[in-house]
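Notes for the structure review
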Amino acid sequence: MNDFHDGINKGVAPVTYGQGERPPRGDYASAGSDYTCAQRWGDYTAEQHALYRRLHERQTAQLPGLACDEFIDAVRHLGAAERIPRFEDINAKLKPATGWQIVAVPGLIPEEAFFALLAERKFPVTEWLRKPEEFDYVVEPDVFHDLFGHVPLLFNPVFADYMQAYGAGGLKASRLDACELLARLYWYTVEFGLIQTKQGLRAYGAGILSSAGELRHSVCSPEPRRVAFDLKRLMRSRYKIDSYQATYFVIDAFEQLFDATAPDFAPVYAEVRALPLIEAGVVLPGEREFAAG
Ligand code: PHE
Ligand code: CO
C-alpha cells in the first residue's frame, strides 16, 4: 500500500503550504523572513547521502521511455548524485543557463512566500531528506523530490519562464482570492503534467518523475484518464492527494503552457468560479482522451 501512495503528497500544491492540520516538518526557527535558510550541507550524514543516492539511482533507471527528453537531458546537471548535491554547485550551472537559482527552505512554506520566490526566479528546495522507512512514500516534499523532480526543467528556458510567470500570477491570485484555482494549474502541470511527443506520451511533472510507482502508472496504465490540456477545464478539476492521479492533462509542448497562461486570469477566474467542479477521473462528453503510452 505504501508503494501505491508513492509520489502523491510529495507534489504539494502551493495552496496547501503551511495550512495542513499537522505543523509542517522542518526547522523553521533557522529561516529568514522570506522563509529561506542555509542548506547546512555538512550536517547530512553518510547514511543520508547513501539514501539519496539510492533514490537517485532508482529514478534515473526508469526515466527512458517514460520521462520527456528535456528532463532526461537535464538530469545530468544534478551531478553524479553520489551524495546529496550542494545547492551552490547546482546554482553554478543553473544561474548561467536560465537565470534561476535554488534556495534552501525548512519545508513547506506559506503560499505568498512561495509565489514571491518563484517570481524572483528562486526555487525553494526543502533541506531535509526523508527517513529510510520513507523510501517509497513521504508525505511532504523533501530534498529528493524538490531537486530531482523540479530542478532539471528549470534548465529549460521556456519552462523556466513559465515558472516565473506562475509565481507572479500567484501573487495576483492571492489578491483576487483565486489561489485554489491557480493551485490546480500547478498541480496538473508542474507536479503531474504529461506531454505528447513524437515518441509517445512522456512525463514532465515533478510529482510523477520523483515517484517510484507513479511514473510508469501515469504513462502506461490504462486506468487513469488523460485529457488534452485546457486551462479552464483544468482549473475546475479536483485532484487526489492520497493516491495516484485519476486524471492527467497532456500538453503538446512547453510553449503551450506559457502561451495558455499569458492572458489576464481575472476574467478566467470569474468564468471558472461560475462553473461546476469536475471530479478526478471524470471525462466530459466530447473531450479528447490520450491512450496509454
Ligand atoms: N496570466 C496570469 C494572470 O494574469 C498569470 C500566470 C502566468 C499564471 C503563468 C500562471 C502561469 O493572472
Ligand atoms: Co513539488
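Procedures and definitions
- Residues numbered from 1 in each chain as written.
- Chains lettered and ligands numbered in written order.
- Predicted model: local features only at pLDDT ≥ 70, side-chain atom pairs only at ≥ 80, totals over all residues.
- Heavy atoms only, no water.
- Salt bridge = Lys/Arg side-chain N within 4 Å of Asp/Glu carboxyl O.
- Helix = DSSP H or I, 4+ residues; strand = E, 2+ residues; numbered from the N terminus.
- Buried < 20%, exposed > 50% of the residue type's maximum accessible area, 1.4 Å probe, protein only.
- Patch = residues over 30% accessible without salt bridge, like charges linked within 9 Å, V, L, I, M, F, W, Y side chains within 5 Å.
- Areas by Shrake-Rupley, 256 points an atom, 1.4 Å probe, with all protein chains shown as cover.
- Lys, Arg positive; Asp, Glu negative; His and termini not counted.
- Charge placed at Lys NZ, Arg CZ, Asp CG, Glu CD.
- 1 Å grid on protein atoms, 1.4 Å probe; cavity = no way out; pocket = protein on both sides within 12 Å on 5 of 7 lines; lining within 4 Å.
- Points joined across faces, edges and corners; volume = space filled by probe spheres on them.
- Nonpolar A, V, L, I, M, F, W, Y, C, P; charged D, E, K, R; others polar.
- Axes fitted to C-alpha atoms, helices over the stretch in contact; angles between N-to-C directions.
- Parallel < 35°, antiparallel > 145°, perpendicular 65-115°, else oblique.
- Left-handed = near helix turned anticlockwise from the far one by under 90°.
- Contact = heavy atoms within 4.5 Å.
- Pairing = 2+ DSSP bridges.
- Near = heavy atom within 4 Å.
- Sits in = over half its atoms within 2 Å of the grid points.

One pass over the full model with this rule turns up 14 salt bridges. Linking Arg-53 and Glu-57 is a salt bridge whose minimum nitrogen-to-oxygen distance equals 3.1 Å. Linking Arg-53 with Glu-57, this pair stays in helix α2 (residues 46-61), spanning 4 residues, or about one helical turn. Residue class for Arg-53 comes out partly exposed when judged on its relative accessible area of 35%. The partner of Lys-232 in a salt bridge is Glu-271, and the shortest N-O contact between them spans 3.2 Å. Taken as a pair, Lys-232 in helix α11 (residues 231-235) and Glu-271 in helix α13 (residues 266-273) lie far apart in primary sequence, 39 residues in all. Relative accessible area serves as the criterion here: at 32%, Lys-232 is assigned to the partly exposed category.

What follows deals with a negative patch on the surface. A contiguous patch of negative charge on the surface is contributed by Asp-69, Glu-70, Asp-73, Glu-255 and Asp-259. Where the negative patch is concerned, the elements lending two or more residues are α3 (69-75) and α12 (254-260). At 3 residues, the largest contribution of residues to the negative patch is made by α3.

Inspection of every chain in the model, using the stated rule, returns 2 cavities of 30 Å³ or more. Approximately 30 Å³ is the volume attributed to the second largest cavity. Along the walls of the second largest cavity sit Gly-149, His-150, Leu-153, Phe-159, Val-190, Tyr-204, Gly-205 and Ala-206, which together make up its complete lining. Residue composition of the lining of the second largest cavity, grouped by class: 5 nonpolar, 3 polar and no charged.

Okay, the packing of helix α7 (residues 157-175) against helix α8 (residues 179-191) next. Contact pair α7 / α8: the axes reach a minimum separation of 9 Å and the direction vectors enclose 160°. Our classification of the angle between α7 and α8 gives roughly antiparallel. Crossing angle aside, the handedness with which α7 passes α8 is left-handed. For the pair α7 and α8, contact is made by Phe-159, Tyr-162, Met-163, Tyr-166, Gly-169, Gly-170, Ala-173 and Ser-174 and by Cys-179, Leu-182, Ala-183, Leu-185, Tyr-186, Thr-189 and Val-190, respectively. Residues of the contact of α7 with α8, tallied by class, amount to 11 nonpolar, 4 polar and no charged.

The next point concerns the sheet that holds strand β6 (residues 247-251). Across the sheet, which stays open at both edges, the 4 strands sit in the order β4-β3-β6-β5 with mixed pairing between neighbours. The open sheet has two edge strands, β4 (200-203) and β5 (225-228), and neither has a second partner. Direction aside, neighbouring strands of the sheet carry axes that sit 35° apart on average. Here strand β3 (residues 194-197) runs beside β6; their pairing, made up of 2 bridges, is parallel. Looking across to β6, one finds that Leu-194 is bridged to Val-250.

Once that is clear, we can look at the layout of surface pockets. Rolled over the atoms, a probe sized like a water molecule indicates the empty space that remains. Of the voids in this model, the second largest pocket is the one considered here, and its volume is about 240 Å³. Secondary-structure elements contributing two or more residues to the lining of the second largest pocket are α7 and α8. The biggest single contributor to the lining of the second largest pocket is α7, with 7 residues. Among the residues forming the lining of the second largest pocket, the class breakdown is 12 nonpolar, 2 polar and 2 charged.

Ligand 1 sits among Tyr-162, Ala-165, Tyr-166, Gly-169, Lys-172, Leu-182, Leu-185, Thr-261, Ala-262, Pro-263, Asp-264 and Phe-265. Summarising the interface, the protein chains cover 92% of the accessible area of ligand 1, which totals 330 Å² for the free molecule. With respect to the detected pockets, ligand 1 is housed in the second largest pocket. Breaking the shell around ligand 1 down by element, the ones donating at least two residues are α7 and α8. For the shell around ligand 1, the element with the most residues is α7, which contributes 5 residues. When grouped by side-chain class, the residues that make up the shell around ligand 1 number 8 nonpolar, 2 polar and 2 charged.

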